[in-house]
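Chain by chain, the residues run as shown.
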Amino acid sequence: YKLSVAPEMDIMEYCSKEWRGNTPVAKRMRKGYEAVAQKFASIRRVRGDNYCAFRATLFQALSQATQLPSWLQSEDFTMLPENLLSKYDWIKQWQLKQELGRKMGEISGEIKEYLILLRKKWKNISEIKGPIEKQEACDKLFKNEEEEYSLYEALKFLMLNTAIKLYNDDKDGRRVPVFSWLLFARDTSSNPCQLMHNHLNHIGHSGGLEQVEMFLLAYALQYTIQVYRLYKYSTDEFITLYPNDPEEDWPVVTLITEDDRHYNIPVRMCQETML
């Protein structure tokens, strides 16, 4: 088994291994890690493939989950693939995992299975009371490649669903968050169909999540994703929130990045911070 999320390590110990030199970049990174270490004691390295933003976000969400989010409880949640396909024929070109050239008829059932798996895992882990047992359950899930990648497919599909909703809301004159305009202002994603073809279909294969897609992920999960962006240390973008005007009742997960491409996770909040 490849563990997708490495065991925890002291943050400053990790930093001193990674950033030894005296270059301006190394100094800035060390300062950044020192700031994170005021709040968190340890770091867990996340396996670096093009899924790492999903992996870090989902791992953090599950490891602190105490209940099933309301959107996962809704009756029609698992009907999403069928419902969307009945309206948007172009979704047939959805790219599943590493499997090219599948018929969407089959894909609809497969995505449904991924959504059911997401609900099941989230429910099971959120019902575990003890923090150690909960962590063990998360570690076990993120050692199972087949299940892990199926969950990322579910997240991608939820992002597509959210993008379609935002796009339609904007067309119908309803208020949408600012990032939604930015998402559809790109030449490569001026509508949900292009977003799927040029971006979502490539996530995990040839690319990771871009900044504006981090907003979309946050909206799809109804979580605030707080990111320590170490290379932005001492600027007002050092701690960035996706979305930047979060709903008050959304839970918060925290990630660390050195370059907006790869994400690791800080763990063990320091005692003072928790009070």
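All chains use their own residue numbering, which begins from 1 and follows the written sequence. Local features in this predicted model are restricted to residues whose pLDDT is 70 or higher, and side-chain atom pairs enter the listing and the counts only when it is 80 or higher, whereas totals over whole chains, interfaces and linings include all residues. Note that the side-chain values use all heavy atoms of the structure and ignore hydrogens as well as water.

Looking at an unreviewed UniProt entry, the protein chain carries the name OTUL thioesterase, with the source organism given as Herpetotheres cachinnans. UniProt positions are given in the numbering used here, feature names are shortened, and annotations may be inferred rather than shown by experiment. The UniProt entry for the protein chain carries the following comment under Subcellular location (unreviewed entry): "Cytoplasm".

**Focus: the UniProt feature "active site" (unreviewed entry) in the protein chain**
Mapped onto this numbering, the UniProt entry annotates "active site" (unreviewed entry) at Asp49, Cys52 and His262. Sequence-wise these annotated residues cover 214 residues; spatially they are packed, their C-alpha atoms never more than 8.3 Å apart. Per the convention used, a helix needs a DSSP run of H or I reaching at least four residues, while a strand needs a run of E reaching at least two, with both numbered from the N terminus. On the secondary structure map, aspartate 49 appears in the loop between β2 (40-44) and α3 (52-63). Discounting residues that sit within four places of it in the chain, aspartate 49 has contacts with Arg55 and Tyr149. Relative to the helices and strands, histidine 262 resides in the loop between β5 (252-257) and β6 (263-269). Non-local contacts of histidine 262, meaning those with residues more than four positions away in its chain, are made with Val46, Arg47, Gly48, Cys52, Ile256 and Thr257. Note on definitions: a residue-residue contact is assigned when non-hydrogen atoms from the two residues lie within 4.5 Å.

**Let's talk about a negative patch on the surface**
A surface patch of like charges, here negative, comprises Asp245, Glu247, Glu248 and Asp249. By secondary structure assignment, the location of aspartate 249 is in the loop between β4 (239-242) and β5. Patch criteria: residues need more than 30% relative accessible area and no salt bridge. Like-charged residues are merged within 9 Å; nonpolar side chains of Val, Leu, Ile, Met, Phe, Trp and Tyr are merged within 5 Å. Note on areas: Shrake-Rupley, 1.4 Å probe, and residue coverage restricted to the protein chains presented here. Within this document, salt bridges are pairs made up of a side-chain nitrogen of Lys or Arg and a carboxyl oxygen of Asp or Glu, the two lying within 4 Å of each other. In this count, Lys and Arg are taken as positive residues and Asp and Glu as negative ones, while His and the chain termini are left out. A charged residue contributes its charge at one atom only: NZ of Lys, CZ of Arg, CG of Asp or CD of Glu.

**Section: the nonpolar core**
The definition of a nonpolar core used throughout is a set of buried Ala, Val, Leu, Ile, Met, Phe, Trp, Tyr and Cys residues joined through side-chain atoms within 4.5 Å. Exposure categories follow from relative accessible area, calculated using a 1.4 Å probe and restricted to protein chains: below 20% of the type maximum is buried, above 50% is exposed, and the middle band is partly exposed. Residues Ile91, Trp94, Leu118 and Trp122 are the most contacted members of the largest nonpolar core, which totals 74 residues. Of the residues forming this core, the biggest block, twelve residues, is contributed by helix α8 (residues 145-171). Counting residues in hydrophobic clusters, the runner-up holds twelve residues, among them Cys15, Ile43, Tyr228 and Leu230.

**Looking at the packing of aromatic side chains**
A pair of Phe, Tyr and Trp rings is counted when the ring centres sit within 6.5 Å of each other, with Trp represented by its six-membered ring. The angle between the planes then sorts it: under 30 degrees is stacked, over 60 is edge-to-face, the rest tilted. Following the criterion strictly, the structure yields 20 aromatic pairs and no others. Seen from their ring centres, tyrosine 51 and tyrosine 149 are 5.2 Å apart, and the 65° between their planes marks the pair as edge-to-face. Taken together, the residues span a long stretch of sequence, with tyrosine 51 in the loop between β2 and α3 and tyrosine 149 in helix α8 at a distance of 98 residues. The burial state of tyrosine 51 is the same as that of tyrosine 149; both residues are buried. Ring plane angle 25° and centroid distance 6.1 Å describe the contact between phenylalanine 54 and tyrosine 152, whose orientation is recorded as stacked.

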